[in-house]
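Here is what each chain is made of, one letter per residue.
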Amino acid sequence: TNPMRSRIACLAVSVWGMALGGGSAGGEGPIVPADAQLEKLWSEGSFTEGGALAADGSILFSDIGDRIMRFDPRTGKTTTYRDPSGRANGLIFDPQGRLIAAEGANTGGNRRVSITEPDGSVRTLADKFEGKRFNSPNDVAVDAQGRVYVSDPRYVGKEPRELDFEAVFRVDPDGSVHRLETTANKPNGLVVSPDGKTLYVSDNGARRALIAVPIDAKGQVGKPRVLKNFGDGRGIDGMTITTDGLIVAAAGSGKIGGVYVYAPNGDAVGFIPTPESPTNVEFGGEDNKTLYITAGVSLYR
């Protein structure tokens with residue numbers, strides 16, 4: 001089991017014209033026990049996002065009202081980790097155990113990718129591309145070499161825009177920023193495959209889609225391909241991935257809002273409904289098989 005990711009499971013439903021069965025992609029049986037229950041852990045946020053598993057087993061997540069929260073599974077308590085957070089959204093820990101945060105726009109937003117060092121100090125990893133400020137960093141992913149991938153759309157915030165496009169960037173360990181061609185017009189969720197060869201990108205522009213982008217050993221991208229088109233429905237927000245490459249994504253709203261599981265070819269293989277519109281997902285727990293879900297104003301497990 002990967003220390004950060006593992007497998008989850010599904011209920012049987014049909015959404016967006018795809019039959020979602022109760023078995024895993026490999027046919028080994030249910031991905032999650034039939035008696036698994038969805039548990040609300042905390043519901044005092046304004047809009048929750050960006051779960052990340054810390055080394056001590058706690059789950060950090062963003063309350064976009066401008067703070068980062070920390071849930072401790074040992075005590076069941078949720079406390080404030082950072083306030084203000086610079087409008088932090090997506091969160092992830094890098095291979096060195098440092099917290100990487102996508103800090104967005106709007107009042108108090110820093111419009112940057114920040115990094116929290118082991119001593120607790122926070123610094124800017126990147127906030128510009130070719131001298132122009134980011135729009136509103138939304139989500140972050142990290143590969144085994146420590147390169148950071150960041151999506152930079154603009155949903156809210158009246159700050160003047162300096163970039164006339166919304167894109168995915170790669171930030172190298174030396175701080176250099178590179179634009180990646182993913183074909184996404186409004187990129188949102190990001191995740192890197194376990195073998196490091198694919199960057200998955202959710203596009204929430206005119207085309208709502210899940211895109212697979214090949215990446216090589218240097219972080220250069222190849223020809224993107226659409227794995228799943230969501231049509232007029234609410235596409236994917238945040239994502240994570242299992243050790244065997246299943247894409248676990250927060251998508252949909254209302255009766256079809258929940259966590260969807262996709263095989264690497266885009267086939268839907270699982271669904272977990274959520275009572276609030278889901279935004280992001282992260283694995284944790286002692287066995288690394290517990291799924292944490294941010295949705296609405298809450299954190300679920």
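Our structure's up above, just so we're on the same page.
Residues numbered from 1 in each chain as written. Predicted model: local features only at pLDDT ≥ 70, side-chain atom pairs only at ≥ 80, totals over all residues. Heavy atoms only, no water.

A look at the overall build of the chain
Defined as follows: Secondary structure elements are taken from DSSP: a helix is a run of H or I of four residues or more, a strand is a run of E of two residues or more, and numbering for both begins at the N terminus. For the exposure calls, accessible area comes from a 1.4 Å probe over protein chains only, and a residue counts as buried if that area is under 20% of its type's maximum, exposed if over 50%, partly exposed in between. By definition in these notes, contact holds between two residues if any of their heavy atoms fall within 4.5 Å. A 1.4 Å probe and the Shrake-Rupley method give the accessible areas. Residues count as covered only by the protein chains that appear here.
Across its full length, the chain holds zero helices and 28 strands. Out of the 301 residues belonging to the chain, those deemed buried represent 55%. For the chain, contacts bridging at least 24 residues in sequence account for 45% of all contacts bridging at least 6. If you sum the accessible surface of the chain, you get close to 12,600 Å²; carbon and sulfur atoms cover 49% of it.

So, the sheet that holds strand β22 (residues 236-241)
Keep this limit in mind: Paired strands are those between which DSSP finds at least two bridges. Helix axes use the C-alpha atoms of the stretch in contact, all axes being lines fitted to C-alpha atoms, and the angles between their N-to-C directions lie in the range 0 to 180 degrees.
Reading across from one edge, β22-β23-β24-β25 is the order of the four strands in this open sheet, with antiparallel pairing throughout. Lying at the two open borders of the sheet, with one neighbouring strand each, are β22 and β25 (268-273). The sheet shows a mean angle of 20° between the axes of neighbouring strands, taken without regard to direction. Here five bridges tie strand β24 (residues 258-262) to β25, and the two strands are oriented antiparallel to one another. Paired with Val261 across the two strands is Gly270, which belongs to β25.

Things to note about the packing of aromatic side chains
For clarity, the cut-off: The criterion for an aromatic pair is that two Phe, Tyr or Trp rings (for Trp, the six-membered ring) have centres within 6.5 Å, with stacked assigned to planes under 30 degrees apart, edge-to-face to planes over 60 apart and tilted to the rest. Geometrically, a lysine NZ or arginine CZ counts as sitting over a ring once it is within 6 Å of the ring centre and also within 35 degrees of the ring normal.
As enumerated under the stated definition, the model contains nine aromatic pairs in all. Here the aromatic rings of Tyr260 and Tyr262 are separated by 6.3 Å at their centres, their planes lie at 15°, and the arrangement is stacked. Summarising the burial analysis for this pair, Tyr260 and Tyr262 share the class buried. Judged by centre distance (4.5 Å) and plane angle (40°), the rings of Tyr260 and Phe271 are tilted. Of this pair, Tyr260 sits in strand β24 while Phe271 sits in strand β25, and the two are eleven residues apart along the sequence. Like Phe271, Tyr260 is buried. Site record: aromatic cluster; members linked through ring pairs are Phe129, Phe134, Phe165 and Phe169. Above the ring of Phe165, the side-chain terminus of Arg179 is found at 3.8 Å from the ring centroid. When the ring centre of Phe230 is taken as origin, the NZ or CZ atom of Lys228, which lies over that ring, is 5.8 Å away.

Overview of the pairing of strand β9 (residues 99-103)
By the criterion of burial, β9 is predominantly enclosed, with five of the five residues buried. Here β9 shows no split at all, with Leu99, Ala101 and Glu103 on one side and Ile100 and Ala102 on the other all buried. Two successive antiparallel strands, strand β8 (residues 88-93) and β9, enclose a turn made up of five residues, where Gly97 displays a positive phi of approximately 80°. Here β9 pairs with strand β10 (residues 112-116) via five bridges, running antiparallel. Looking across to β10, one finds that Ala101 is bridged to Ser114.

A closer look at the pairing of strand β16 (residues 167-171)
In terms of burial, β16 is largely enclosed, as five of its five residues are buried. Residues of β16 alternate between two faces, with Ala167, Phe169 and Val171 on one and Val168 and Arg170 on the opposite face, all of them buried. In this structure, strand β15 (residues 148-152) lies alongside β16, joined through five bridges in antiparallel fashion. Its bridge partner lying in β16, Val150 is registered against Phe169. The hairpin formed by β16 and strand β17 (residues 177-180) contains five residues between the paired strands, and Gly175 there has a positive phi angle of roughly 90°.

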